[in-house]
Each structure stands twice: as C-alpha cells, then as structure tokens.
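Secondary and tertiary structure notes
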Amino acid sequence: MELRQLRYFVTVAEELHFGRAAERLHIVQPAVSQQIRRLERALGVSLFSRTTRTVSLTEAGQRFLPHARAVLAAADRAADSVADFRQAGASVRLGTSEGLGDRLDALLRGFAGLAPSASLELLHAPTLQRLQRVRDGSLDATIVRGSWPASGLDFTPLWMDEVLVALPSSHPLAALSAVPFASLASLPARLSPPSRNQPLYDLVVSCCREAGFEPVLGTEFTTAQDTLGTLGFGRPHWTVFYRAHANLLPVPGVVFRPLTDPAPRMQTYLATPSDRRVTPEVVALIEAARATEAA
C-alpha cells in the first residue's frame, strides 16, 4: 500500500468520478484507475462499485475512507513539521527535450507569473536519462513527448504538438499549403532513429503506412542545424519538425508545411515521481504548460 494510492482513493471517493479525480490530481485517468485496482488487490476487497454511468463506495470503501484520510493527514503533519527548515522560494528542477521551441518560452513566462517566488532550473539530456533522474529524485519533473516506460512515474498530459514536414523550398511540394502524406512516398526520409526517439519514429512510420507506403529511409537525423542545412541544399528528401520548433527556424532553402491524410500530432506529458506528492510549484508548472495550448 502506497501513499499515492491512498491519495487517489480519497480523491475518487470525494468526486465519485474517475475523470474529475484525475483532473484534481493532475494526472491521466488510466493512472488513477490502475492505482485503485492495485490498492484493491492489496487489500483483497473492492472499494468502489462501478457501472458505465456511476461510481459509488462499497461498504468496504466506506469503512476504509476515514482511515485513509487519517494516514494522509498524518503524512502531511510529518511534512509540515520540517517546514521551517525549507528554503524560501522553492526551486523546480525540470528536464527539457529538443524542439520545444516557442512553447518553452511561453511556459517559462507562465510559470514566472504563477509562481513568482520559485525558480526553475532546466536540464537537457536524452529522454531515458531524464526519466531515470525523475525516478531517483535528481529532477522534480521532465517534459516528454509520446509514451515511455512508466514504472514509478505519473504522466500528466500537457499539450498536443502538430508535426510538420520540412522540404527543400525548390521542390514542387513546397508550393502546396499542406502536403498529403502519400506524396512523400518517392522521397527519402531523414528521421531520428528509434534508439533516440521511438515515439516520433513510430508516429511517422505509422502515418506513412496509413498513407499506403513504406518510408524510404535515408541518412539519420542528427542535429536540427546539420539536417536542415543538408535538406536545403542537398539531394531532395524530407524530415519532420514540431510546429513549436519550426516557428523558430527560418532556414534558407527550407520550408515547413502541415501534413494531411493523415495529419500527425504528438502528445506531450509532464513526468513526475509516483511516490512523492505533487508540490504547488509543479502544479504551477503544469498549469503554465497547459496554458501554452490556448496561446
């Protein structure tokens, strides 16, 4: 039995709705459902009666609820007992990924407005390293795109990123306002390998297959600067960029265009430790990140 399971249980018991509970907890609904099921297995009883329309506490759940609240209250009192030793103006250590572009600028501005006394320390590293650092506590959270190993982590959805195609400005497809995926079939694709960015690789390849072709893979994507330099003045090929990144990349000889049939999107998450309470500063970070979607 874990504190987070008790916290999820109490929140669902108060809301009697898994979706609203997930919103209060700032995590995705499947994570709430999964932890409730694990708690029920550990206790050997059903805590909730679920139908397609309603959620209610079972008799066992009603009996368990005051004890769960008492344990959480005791944990909060334990944390408050050392409050005087905390430094004023908490610091949040945030892992970042490549290609956040103007979204990162908007996130930093939003966070400064929501948590003016807090500081934000940014760290860039490969995704798997950042996820491990969140697990071991050397990072408070990290931004990740797509699905990654979830052991010991909660993933809060932040925004959806549009994926654009980057093409030589001299290519006939560059004259289109939007590029059908099928029209890329004869051109080599320069993509990040699965070892470096499995979610994006899988997304692009699945879109190619949905459009009726297998991508012709060329040289691997290295850095944005090198890849775009080759794209603008080398042999015709294509690659992909997130719109937020492309907004900051006016490159001679290269154009960025939306894709259609299908139009790829990538979900971005904030990964936080499952075994620690979400701090007010991390909640502010989540709210600032979500605000970039509206902006």
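These numbers were taken from a predicted model, which means no experiment stands behind them. (Residues numbered from 1 in each chain as written. Predicted model: local features only at pLDDT ≥ 70, side-chain atom pairs only at ≥ 80, totals over all residues. Heavy atoms only, no water.)

1. Details of the packing of aromatic side chains
Counting across every chain of the model gives seven aromatic pairs. A centroid spacing of 6.0 Å and a plane angle of 70 degrees characterise the contact between Phe18 and Phe48, whose relative ring orientation is edge-to-face. Here Phe18, found in helix α2 (residues 18–25), pairs with Phe48, found in strand β1 (residues 48–50); they are 30 residues apart in sequence, far enough to count as distant. Per residue, the accessibility class of Phe18 equals that of Phe48, and both read buried. With 6.0 Å between their ring centres and 85 degrees between their planes, Phe155 and Tyr269 make a pair best called edge-to-face. In this pair, Phe155 is assigned in strand β6 (residues 153–168) and Tyr269 in strand β12 (residues 265–273), connecting sequence segments 114 residues apart. Aromatic ring contacts, followed pair by pair, group Phe9, Phe18, Phe48 and Phe64 into a single cluster. Against the face of Tyr242 rests Arg145, its NZ or CZ located 3.7 Å from the ring centre. (Phe/Tyr/Trp six-rings, centres within 6.5 Å; stacked < 30°, edge-to-face > 60°. Helix = DSSP H or I, 4+ residues; strand = E, 2+ residues; numbered from the N terminus. Buried < 20%, exposed > 50% of the residue type's maximum accessible area, 1.4 Å probe, protein only. Lys NZ or Arg CZ within 6 Å of the ring centre and 35° of its normal.)

2. With respect to the pattern of salt bridges
What the rule picks out here adds up to twelve salt bridges. A salt bridge links Asp140 to Arg93; the shortest N-O distance between them is 3.1 Å. Of this pair, Asp140 sits in the loop between α6 (127–136) and β5 (141–145) while Arg93 sits in strand β3 (residues 91–96), and the two are 47 residues apart along the sequence. On the basis of relative accessible area, Arg93 is assigned to the partly exposed category, the value being 30%. The network of salt bridges with shared partners includes Glu14, Glu15, Arg20, Arg24 and Arg69. (Salt bridge = Lys/Arg side-chain N within 4 Å of Asp/Glu carboxyl O.)

3. A closer look at the pairing of β6
Counting buried positions along β6 yields 14 of 16 residues, so the element is predominantly enclosed. Pairing between β6 and β12: nine bridges, direction antiparallel. The residue bridging Asp154 from the neighbouring strand is Thr272, located in β12. Bridge count for β6 against strand β10 (residues 239–242) is four bridges, and the pairing is antiparallel. The partner of Val165 across the bridge, within β10, is Val240. Direction of pairing for β6 relative to strand β11 (residues 254–260): antiparallel, over a ladder of five bridges. Across the sheet, the residue bridging to Ala166 is Phe256, located in β11. (Pairing = 2+ DSSP bridges.)

4. What to know about the environment of Phe233
Checked against the element boundaries, Phe233 lands in helix α8 (residues 224–233). Linking Phe233 and Ser169, residues 64 residues apart in sequence, is a C-alpha distance of 9.5 Å.

5. With respect to α8
Within α8, burial applies to Ala224, Thr227, Leu228, Leu231 and Gly232. Down the axis of α8, the buried side of the element spans an arc of 125 degrees, and every buried residue falls inside it. Seen from the open side of α8, the exposed residues pointing more than 90 degrees away from its buried face are Gln225 and Phe233. The elements touched by buried residues of α8 are β6, β10, α9 (243–246) and β11. (Arc of directions from axis to C-beta. Contact = heavy atoms within 4.5 Å.)

6. Notes on the pairing of β5
With five of five residues buried, β5 is to be regarded as a mostly interior element. Burial along β5 is two-sided: Ala141, Ile143 and Arg145 facing one way and Thr142 and Val144 facing the other are all buried. Here β3 runs beside β5; their pairing, made up of two bridges, is parallel. Each residue of the ladder has a partner; that of Gly95, found in β5, is Thr142. Strand direction decides the pairing type here: β5 and β12, joined by four bridges, are antiparallel. The residue bridging Arg145 from the neighbouring strand is Thr268, located in β12.

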